[in-house]
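# Inside the fold
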Amino acid sequence: MIKSVSGYLCLLLFLSIHSNAATLEFKTTQLPPFMFQKDGLAAGPGKDIVEEACKQEGFDCDFEILPWRRAQHEVKRGTASGLFMVGKNEAREEWLHFSPPILKTGYGFYSQTHNPAHYTDLPSLAGLCVIVNSPSNMYNHLISIQQEMTSRQIKPIRIITTTNFTTAIKMLNGGRCDLLFGNIDVVNMLIKRLGLLSVRPAGFHGQVIYYIGLSKAAVPYEVVTAFNQRIIQLHQQGKIKAILAAYDMTPAELPSLNAVNP
């Protein structure tokens, strides 16, 4: 009888532990080399890092590639758990808990080889046409540049938006605009993939940090804390660096622990 009760209590404890394991549904978008589809499934360094964190923490995590606007909408309203890779801004901080920083990349301008347009400062952009992918942090950043030019009485840039990078870079290659503004890792990969010898870098515009975001509407605080602590451990163990090295990418520096708690 004692063995039976003891076994029953152990079973209850086992079920309790496993019933509390979080199930997280992550959404991302097609943005090689960071996120892409392979054999019909999400792939890339972001997915590899999230998957490793979920595995070590005992979370059941699913992944789906969607158009970026829809992916953000689902996470914002709480019908999905999180996003990757995502840049941080004030608007997103209203509905996302951000992980510790994952990787660093940068933004830059690109032009056709025969076009003399080159970014050095705001006056160098005066009156130019610039293509950018939207919705994105890149678009938000370009809007800030446009607004600053206006406030300084510099003829502002004219912004043309597209919904994917391949279209944007083909528009630039076809002479539809003076410049393309985008993530340097994404654009450099597309230049190589598409064999666009007529597109060149035309000015670097700052470092960018990518994160994993968890929905404030859908993910309990204790799950966010556990997930972020696991990301810190993966950094400290060198596993994030190893995953990113396989994709020729650079990890972001880990800030103080107080700065990464949700």
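What this report covers is the structure whose coordinates are included nearby.

Cut-offs and rules
Residues numbered from 1 in each chain as written. Predicted model: local features only at pLDDT ≥ 70, side-chain atom pairs only at ≥ 80, totals over all residues. Heavy atoms only, no water. Buried < 20%, exposed > 50% of the residue type's maximum accessible area, 1.4 Å probe, protein only. Helix = DSSP H or I, 4+ residues; strand = E, 2+ residues; numbered from the N terminus. Polar contact = N/O pair within 3.5 Å; in protein donor to acceptor, adjacent residues only side chain to side chain. Phe/Tyr/Trp six-rings, centres within 6.5 Å; stacked < 30°, edge-to-face > 60°. Expected span 1.5 Å × (residues − 1). Core = buried A, V, L, I, M, F, W, Y, C linked by side-chain atoms within 4.5 Å. Contact = heavy atoms within 4.5 Å. Axes fitted to C-alpha atoms, helices over the stretch in contact; angles between N-to-C directions. Parallel < 35°, antiparallel > 145°, perpendicular 65-115°, else oblique. Left-handed = near helix turned anticlockwise from the far one by under 90°. Nonpolar A, V, L, I, M, F, W, Y, C, P; charged D, E, K, R; others polar. Pairing = 2+ DSSP bridges. Salt bridge = Lys/Arg side-chain N within 4 Å of Asp/Glu carboxyl O.

## A word on helix α7 (residues 184-194)
- Those residues of α7 that fall on the buried side of the exposure criterion are Val186, Val187, Met189, Leu190 and Ile191.
- For α7, the N-terminal cap is asparagine 183; the gap from its side-chain oxygen to the backbone nitrogen of aspartate 185 is 2.9 Å.
- Immediately downstream of α7, the backbone of glycine 195 shows phi near 65°, a positive value.

## Points about the packing of aromatic side chains
- Counting across every chain of the model gives nine aromatic pairs.
- With 5.9 Å between their ring centres and 35° between their planes, phenylalanine 26 and phenylalanine 227 make a pair best called tilted. With phenylalanine 26 in strand β1 (residues 23-28) and phenylalanine 227 in helix α8 (residues 221-236), this pair connects stretches of sequence that are 201 residues apart.
- Take phenylalanine 227: its relative accessible area is 0%, and that puts it in the buried class.
- Between phenylalanine 34 and tyrosine 210, the aromatic rings sit 5.2 Å apart at their centres with planes inclined by 80°, giving edge-to-face as the arrangement. With phenylalanine 34 in the loop between β1 and β2 (36-38) and tyrosine 210 in strand β11 (residues 199-215), this pair connects stretches of sequence that are 176 residues apart.

## Thoughts on helix α2 (residues 45-57)
- Its 13 residues place the ends of α2 18 Å apart at the C-alpha level, agreeing with the 18 Å of an ideal helix rising 1.5 Å per residue.
- Taken together, the buried positions of α2 are Pro45, Gly46, Lys47, Ile49, Val50, Ala53 and Cys54.
- After α2 finishes, the residue glycine 58 shows a positive phi value of roughly 80°.

## A few points about the nonpolar core
- Ranked by size, the top nonpolar core spans 67 residues in total, and within it Phe26, Phe109, Leu125 and Phe227 carry the most contacts.
- At six residues, the largest contribution of residues to this core is made by β11.
- Apart from the residues lying within four places of it in its own chain, the contact partners of leucine 125 are Phe109, Tyr119, Ile145, Met149, Ile157 and Leu179.
- One finds Leu66, Ala71, Ala80 and Val86 within the second-largest nonpolar core, a separate group that totals eleven residues.

## Focus on the packing of α2 against α8
- Where α2 meets α8, the axes come as close as 9 Å, and the angle between the chain directions of the two elements is 110°. It follows from the interaxial angle that α2 and α8 lie roughly perpendicular. By crossing handedness, the relation of α2 to α8 is classed as right-handed. Taking contact as the criterion, the partners of Ile49, Val50, Glu52, Ala53, Cys54, Gln56 and Glu57 in α2 are, on α8, Ala226, Phe227, Arg230, Ile231 and Leu234.
- Along the lines of polarity and charge, the residues of the contact of α2 with α8 split into eight nonpolar, one polar and three charged.

## Quick word on the pairing of β11
- A large share of β11 lies buried, amounting to twelve of its 17 residues.
- Bridge count for strand β5 (residues 82-87) against β11 is five bridges, and the pairing is antiparallel. Each bridged residue has a counterpart across the sheet, and for phenylalanine 84 the counterpart in β11 is isoleucine 212.
- Where strand β6 (residues 96-98) and β11 come together, three bridges link them in antiparallel fashion. Of the residues in β11, the one forming a bridge with histidine 97 is leucine 214.

## Let's talk about the side chain of asparagine 133
- Within the secondary structure layout, asparagine 133 lies in strand β8 (residues 129-133).
- Residue asparagine 133 is classed as buried on the basis of its relative accessible area of 10%.
- When sequence neighbours within four positions are dropped, the list of residues in contact with asparagine 133 reads Met138, Tyr139, Thr162, Thr163, Asn164 and Phe165.

## Overview of the pattern of salt bridges
- A full pass over the atoms with the stated rule returns eight salt bridges.
- The residue glutamate 253 makes a salt bridge to lysine 104 at a minimum N-O spacing of 2.7 Å. Separated by 149 residues along the polypeptide, glutamate 253 in the segment after β12 (250-251) and lysine 104 in strand β7 (residues 103-112) bring together distant segments of the chain.
- Two residues, arginine 152 and glutamate 148, come together in a salt bridge whose shortest N-O distance is 3.6 Å.
- Taken together, the shared-partner salt bridges in this structure form one network comprising Lys27, Glu64, Arg70 and Glu74.

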